[in-house]
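Below are the chains, spelled out letter by letter.
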Amino acid sequence: MNAVPWLSLVVFLPWLGALLLWLWPKAPSGAVWTLSLAFSGSTLILGALALSCFDPSQSGYQFVERVPWIRTLGIDYHLGLDGMSLLLVLLTGIVAPLALIASLRRVARTRMLALLFLLLQGCALGVFLALDFFPWFIFWELSLVPAFFLIKVWGGPGAGRAAYTFVVITLAGSAGLLLAFAAIHGATGTMNFVDLARLRAEGELTLRLAEYGGTVPTLIFLGVLAGLAVKAPLFPFHAWMPPTYAEAPTGVTMFLTGVMSKMGVYGFFRILWPLFPGDLRDHSGPLLLLAMGGAILGALAALRQTDLKRMLAYSSLNHVSYCLVALFAAAGAVRGQIAAVEPALAGALVQAFNHGLSASALFFCVGVLEARGGGARGLNDFGGVRVAAPLLSLLCGVALFSSLGLPGLNGFVGEFLVFRGLFALSPWAAVAGTIALLATALFLLTFWQRVFHGSRSGVTAGAFADLDAGERAVLVPLVVLMVLLGVVPGLITGLINPLVTHWAASLPLS
Amino acid sequence: MSLLPWIPHLTFAGALLSLAAGTRSATAARVTALGTALVGMVLVAIGAVNFAPTSGLQTLVDVPWIQEMGIRYHLAVDGISLTLVVLTSLAAVAGILFSWTVEERVGEFFAFYLLLIGGVYGVFLSADVFLLFVFYEIAIVPKYFLIAGWGSTRREYGAMKLVLYSFAGSSLVLAGVLWTYGAGGADGFSLSALAEAATRLSHIETVVVFGLVFFGFATLAGLFPLHTWAPTGHVAAPTGASMLLAGVVMKLGAYGCLRVALPLFPDGFTAWQPVLGWLAVAGIVYAGLIALVQNDFKFVIGYSSVSHMGFVMLGLATGERAAVGGAVLQMFSHGVIAGLLFAVVGRMVYERTHTRDLTELQALPLHRLIPGAAGVFVIAGLASMGLPGFSGFPAELKILVGVWRVNVWWTVWAGLGVLVAGAFTLRVMQRAFFGQAGTDAAPVAESSSLAPLSLPEKTGAALLLGSTILIGLKPDLLLDWIMPALQSPAFHFAATKGGP
């Protein structure tokens, strides 16, 4: 136990900011900006601090805080940080303040927006750091509330419906999670991820769940899977995603895709991998098929979109699916393929991180175009932006090519690792995945060509301003990171290598 | 010496005082009623602080009453009754705060109100079934007058239906109890004497008598398909009364099932168990789906109450200790949350806009006009959806833990119920508070200056919201009372099913 509860600070500082804003109803706009950015930025500062004190050679949890909470239910307040959590805390620290800047620009009622945004940020951080189901689920579920209102109140014309669909579908998944963990609690008396992982490693968890008999253990697995699959999303649980991403205001979409979709991926690694390795292995075939379906169909659907925001939404489905492809392929590994497991898992995490950067940058670029176009954001509404706004074109171009997986940019690292693992683990999936990569390249290049090249037409025909200072402040850091992590990928792979080795070693091989 | 046994009588006295004060001024009656409820709350708090959880009932008073029949005036408390007594005291105070604007015959209103509360306190504290029954009837009668006298939509119909259902239910209970008393040859009406007499009944008799007593009580708990009095009654009732109906009166039924039906006739319960479980899940899902398509704001909340009480009945139907404990916690949780939801609909929204029609409300940007009400409803709605961090979550979790052990399919249906609850709560929240403004300019202009929340409203909302969040974050406060109480031999029906 540390003297200072660092992780609690990480989680609750954004909430403290929200509380202050709530208590200050007459806050002037300038104060709202300063206050909310300071509290949103606290994550990055504390994350960097944690990074400097973090021992990357360990696979266990660090900075652990654990105090009893609800004795009668065996629930602890339990926070801890490992390489994966740290990576995602850093990602939140980077994306959240930038998304907040993007949100606060050009809206009325900034105080309420900042308040909800800080609540959402705290929830995401809580999910990445909580190690007991009860606090974890509080953060997981509570995150829906600010997300719902951010989408509904500040979103586009169809936002009400999109927000409702988003929350109801997510709740359906959550009901599965809740039922599954009720069963686990009934069988073991605990819902603590660490304790359950230990029970699983000892073989005890499987035995206890088997006492329910019949197909119940499989149902429990499917319940957890459903909750996580909706959030990530895993094809075909993605129906909520395109309308939500398209209708939400730019800054919120940045956060949804950059951070919240990672909550699902995180859950796969934190809960399913250690607790249900046997079920994951048994179902890895169909699951891999679904994830591959998401990658391919996501890319094909993106090709068909004329709305740039919807195109990027499907592109997100495509990219996040690669994380899951790697995970499921690794889960189904057999003896002799063990060497391929590590790069696949590392690739999944790196891909999650990189997608967070590039997708939020791209959604921001579309937001910039949309603001110039007075709400128009069709693929054919622009043309020749390269001439009109060279800086925007440069930065957006880097983000596009990073998303496409160009070597030298960060996107390449994740995809390379994923495919390096995949070719050994499941050659057919690797081949199919390569085709999907081609489709990805195709729609991203279409985006690039239609919007940035050609003659100035449509919106671009009139006056078209390049990035202003605020927009540069959002986009430049993201793009710099893309280049940096493309050149020095060791900065992030170093954090997760011991963890990945540990995961690979715990695999039940058949 | 605990002061708990005086609470029912103090409340009855307060009823008389309110009636008297009402002849002078409305304010005097209000203050008297509030004062009575607050004194009751203080006494409950003192009793709760001094309460040491044990496995059996702790006798408070036990004196002979009608000696020829062995009826005793026997009040006792354990963790379960104390939980519900605390709930009653909270609901009583909050209900009075939200009835502050009653203007007609104020003294009478609060007299009936406190009479009902006193009866409810009495039921939760009775250890003699005859005494329990007397208090039970005292609680039923004022409901009729409250609804018929101060109600709204089809109030005579709603009041009559509710009271007929209640009387039908209580006569089933009475028949069952008398049968046990007579056929089993009991020497009194105490729970232990009746339990002993019940063992002398034949198996068939036990099954029949359990059915009579359980369904008699379950009528008031809103068990599907005996629930139909609840939505119409809730809708017809004035705000304070619908808060009490959903908040505590439905709990009387569930409490009766738990305190009388299940412990006395464990064999009957075993025979009926599959039916009870399926009826409970049917109620959860059916009422939830009905709530999803209602166009009257209050009907949505009325059906949601039935759906949530389905979880209580499901917990009882498992006959599994964790789930029964969860059911008691759910009684508390639902009492607080449903009371709050009815307060928002009836007092905060209806009295300002004079409509409960969701289509009309949709035309008003209520989140701008009365942001306080919108805020309260959003938080109460989240609590009602069973989100973690609120009292409903640990309750549902414990119930589900038990249901898994008993019947997987009940679990699946209950899970569907959780989802439906989320959907209808979200739908009504969106329609009622976050509708698009300005499509029809006239109503907006007319109501563009709605009064902000008054002090009684804020206090009442804070009291109830604070309770649900406190118990959501620290359910041990109540579970430490409830779980030891379930260790009592009286609840051995719940001990039979194993599990870690």
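The structure we're discussing is the one just above.
The rules we used
- Residues numbered from 1 in each chain as written.
- Chains lettered and ligands numbered in written order.
- Predicted model: local features only at pLDDT ≥ 70, side-chain atom pairs only at ≥ 80, totals over all residues.
- Heavy atoms only, no water.
- Helix = DSSP H or I, 4+ residues; strand = E, 2+ residues; numbered from the N terminus.
- Rg over C-alpha atoms; globule rule 2.2 N^0.38 Å.
- Buried < 20%, exposed > 50% of the residue type's maximum accessible area, 1.4 Å probe, protein only.
- Contact = heavy atoms within 4.5 Å.
- Lys, Arg positive; Asp, Glu negative; His and termini not counted.
- Charge placed at Lys NZ, Arg CZ, Asp CG, Glu CD.
- Areas by Shrake-Rupley, 256 points an atom, 1.4 Å probe, with all protein chains shown as cover.
- Core = buried A, V, L, I, M, F, W, Y, C linked by side-chain atoms within 4.5 Å.
- Expected span 1.5 Å × (residues − 1).
- Bend = angle between axes of the 7 residues up to and from the residue.
- Pairing = 2+ DSSP bridges.
- Buried area = accessible area lost by both parts, 1.4 Å probe.
- Salt bridge = Lys/Arg side-chain N within 4 Å of Asp/Glu carboxyl O.
- Polar contact = N/O pair within 3.5 Å; in protein donor to acceptor, adjacent residues only side chain to side chain.
- 1 Å grid on protein atoms, 1.4 Å probe; cavity = no way out; pocket = protein on both sides within 12 Å on 5 of 7 lines; lining within 4 Å.
- Points joined across faces, edges and corners; volume = space filled by probe spheres on them.
- Nonpolar A, V, L, I, M, F, W, Y, C, P; charged D, E, K, R; others polar.
- Phe/Tyr/Trp six-rings, centres within 6.5 Å; stacked < 30°, edge-to-face > 60°.
- Patch = residues over 30% accessible without salt bridge, like charges linked within 9 Å, V, L, I, M, F, W, Y side chains within 5 Å.
- Axes fitted to C-alpha atoms, helices over the stretch in contact; angles between N-to-C directions.
- Parallel < 35°, antiparallel > 145°, perpendicular 65-115°, else oblique.

### Quick notes on the overall build of chain A
The number of helices and strands found in chain A is 22 helices and two strands. A compact globule built from 510 residues would reach a C-alpha radius of gyration of about 24 Å, and chain A, at 22 Å, matches this within 12%. Taken along its principal axes, the extent of the C-alpha atoms in chain A is 70 × 55 × 40 Å. Here chain A holds 510 residues, and the buried ones make up 65% of them. For chain A, the proportion of contacts with a sequence separation of at least 24, taken over those separated by at least 6, is 81%. Each charge class in chain A was averaged separately, 27 positive and 21 negative side chains, and the resulting centres sit 9 Å apart.

### Some words on the overall build of chain B
If you tally the helices and strands in chain B, you get 21 helices and two strands. With the principal axes as the frame, chain B shows a C-alpha extent of 70 × 55 × 40 Å. Expressed as a percentage of its 500 residues, the buried residues of chain B come to 66%. Partitioning the contacts of chain B with sequence separation of at least 6, the portion at a separation of at least 24 is 81%. As displayed, chain B has an accessible area near 15,700 Å², and 67% of this comes from carbon and sulfur atoms. Charged side chains of chain B number 24 positive and 24 negative; the gap between the two group centres comes to 6 Å.

### So, the nonpolar core
Membership of the largest hydrophobic core comes to 409 residues, with the highest contact counts inside it found for Trp136, Phe181 and Leu392 of chain A together with Phe297 and Phe433 of chain B. Here this core gets 19 residues from one element, more than from any other, and that element is helix H16 (residues 338-372) of chain A.

### Concerning helix H10 (residues 239-264) of chain B
Its 26 residues give H10 of chain B an end-to-end C-alpha distance of 36 Å, which sits within 8% of 38 Å, the value for a rise of 1.5 Å per residue. Along H10 of chain B, the sharpest change in direction is near 40° and occurs at Leu245 of chain B.

### Digging into the pairing of strand S2 (residues 71-77) of chain B
Residue and element names in this part refer to chain B. Most of S2 sits inside the fold, with six of its seven residues counted as buried. Alignment of strand S1 (residues 58-66) against S2, held across seven bridges, turns out to be antiparallel. When the sheet's bridge partners are listed, Thr59 is paired in S2 with Ala76. Here S1 folds back onto S2, and the loop between the two strands holds four residues, one of which, Gly70, carries a positive phi near 70°.

### A word on the interface of chain B and chain A
Facing 38 residues of chain B, the contacting portion of chain A comprises 36 residues. For the pairing of chain B and chain A, the buried interface totals around 3,200 Å² over both sides, and the portion due to carbon and sulfur atoms is 76%. Between chain B and chain A we count one salt bridge in total. A salt bridge links Asp480 of chain B to Arg71 of chain A; the shortest N-O distance between them is 2.8 Å. At the boundary of chain B with chain A, the tally comes to nine residue pairs in polar contact (both at pLDDT 80 or more). Mapped by element, the contributors of at least two residues to the side of chain B that touches chain A are helix H15 (366-369), helix H16 (371-384), helix H17 (392-406), helix H18 (408-433), helix H20 (455-473) and helix H21 (476-485) of chain B. Ranked by the residues each element gives to the side of chain B that touches chain A, the list is headed by H18 of chain B, at twelve residues.

### Section: the layout of surface pockets
Considering only enclosed or pocket space, the largest pocket measures out at about 1,900 Å³ in volume. Going through the elements one at a time, helix H1 (6-23), helix H4 (110-129), helix H5 (133-142) and helix H6 (144-154) of chain A together with H15, H16 and H20 of chain B are the ones with two or more residues in the lining of the largest pocket. A per-element tally of the lining of the largest pocket places H16 of chain B first, with eight residues. In terms of residue class, the lining of the largest pocket is made up of 39 nonpolar, four polar and four charged.

### Some details on the environment of Val134 of chain B
Following the sequence through the fold, Val134 of chain B ends up in helix H5 (residues 129-150). Each C-alpha atom of the pair Val134 of chain B and Gly122 of chain B lies 8.8 Å from the other, and the pair is twelve residues apart in sequence.

### Some words on the packing of aromatic side chains
What characterises a pair of aromatic rings is the spacing of the ring centres plus the angle enclosed by the ring planes. Residues and elements named next belong to chain B. On inspection of all chains with the given rule, the structure shows 55 aromatic pairs over all chains. Look at Phe130 and Phe189: their rings are 5.6 Å apart centre to centre, the planes differ by 55°, and that puts the pair in the tilted class. Of this pair, Phe130 sits in helix H5 while Phe189 sits in the loop between helix H6 (155-183) and helix H7 (191-198), and the two are 59 residues apart along the sequence. Among the residues examined, Phe130 registers a relative accessible area of 26% and is labelled partly exposed. Geometrically, the ring pair formed by Phe299 and Tyr303 is stacked, given 6.2 Å between the ring centres and 25° between the ring planes.

### Overview of the side chain of Ser284 of chain A
Note on placement: Ser284 of chain A falls in helix H14 (residues 284-304). With residues up to four places along the chain from it excluded, the contact list for Ser284 of chain A reads Phe328, Ala331 and Gly332 of chain A.

### Concerning the pattern of salt bridges
Residues and elements named next belong to chain A. Considering all chains together, one arrives at 25 salt bridges over all chains under this definition. Here Arg270 makes a salt bridge to Asp82, at a shortest N to O gap of 2.9 Å. Residue Arg270 is located in helix H12 (residues 250-275), and its partner Asp82 is located in the loop between strand S2 (75-81) and helix H3 (83-104); the two are separated by 188 residues in the primary sequence. Each member of the pair, Arg270 together with Asp82, is buried. Salt-bridge contacts for Arg198 lead to Asp195; the nearest nitrogen and oxygen are separated by 3.5 Å. You can see Arg198 and its partner Asp195 sitting in helix H8 (residues 193-201), three residues apart, about one turn around the helix. Residue class for Arg198 comes out partly exposed when judged on its relative accessible area of 46%. For Asp195, a relative accessible area of 16% gives the class buried. The network of salt bridges with common partners includes Arg66, Asp76, Asp195, Arg198 and Glu202.

### A word on the side chain of Thr493 of chain A
All names here are of chain A. Position of Thr493 relative to the elements: it lies in helix H22 (residues 490-505). For Thr493, a relative accessible area of 15% translates into the label buried. In this view, Thr493 contacts Val350 and Leu417; residues no more than four positions away in its chain are not counted.

### Points about a nonpolar patch on the surface
Judged by side-chain polarity, Leu16, Leu19, Leu20, Trp22 and Leu23 of chain A come together as a nonpolar surface patch covering roughly 490 Å² of accessible area. Note on placement: Leu19 of chain A falls in helix H1.

### What to know about the environment of Gly151 of chain B
Residues and elements named next belong to chain B. One can find Gly151 in the loop between H5 and H6. Look at Gly151 and you get buried, because its relative accessible area is 14%. Along the backbone, Gly151 and Val235 are 84 residues apart, and their C-alpha atoms lie at a distance of 8.4 Å. In this view, Gly151 contacts Leu146, Ala236, Ala237 and Pro238; residues no more than four positions away in its chain are not counted.

### Points about the packing of H16 of chain B against H18 of chain B
Residues and elements named next belong to chain B. At a minimum axis separation of 10 Å, H16 and H18 run at an interaxial angle of 175°. As summarised for this structure, H16 and H18 are arranged roughly antiparallel, according to the angle between their axes. Contacts from Ala373, Ala374, Phe377, Val378, Gly381 and Ser384 of H16 reach H18 at Thr425, Val428, Met429 and Phe433.

### Section: the packing of H5 of chain B against H6 of chain B
All names here are of chain B. At their nearest, the axes of H5 and H6 sit 8 Å apart, and the two run at 170° to each other. When the axes of H5 and H6 are compared, the pair comes out roughly antiparallel. The residues of H6 that touch H5, namely those facing Val129, Phe133, Tyr136, Glu137, Ile140, Val141, Lys143, Tyr144, Ile147, Ala148, Gly149 and Trp150, are Arg155, Ala159, Met160, Leu162, Val163, Ser166, Phe167, Ser170, Val173, Leu174 and Val177. Its residues placed into classes, the contact of H5 with H6 shows 17 nonpolar, three polar and three charged.

### So, the pairing of S2 of chain A
Counting buried positions along S2 of chain A gives seven out of seven residues, so the element sits mostly inside the fold. In textbook terms, the turn of a hairpin is the stretch between consecutive antiparallel strands, and for strand S1 (residues 62-70) of chain A and S2 of chain A this stretch comprises four residues, one of which, Gly74 of chain A, has a positive phi near 65°.

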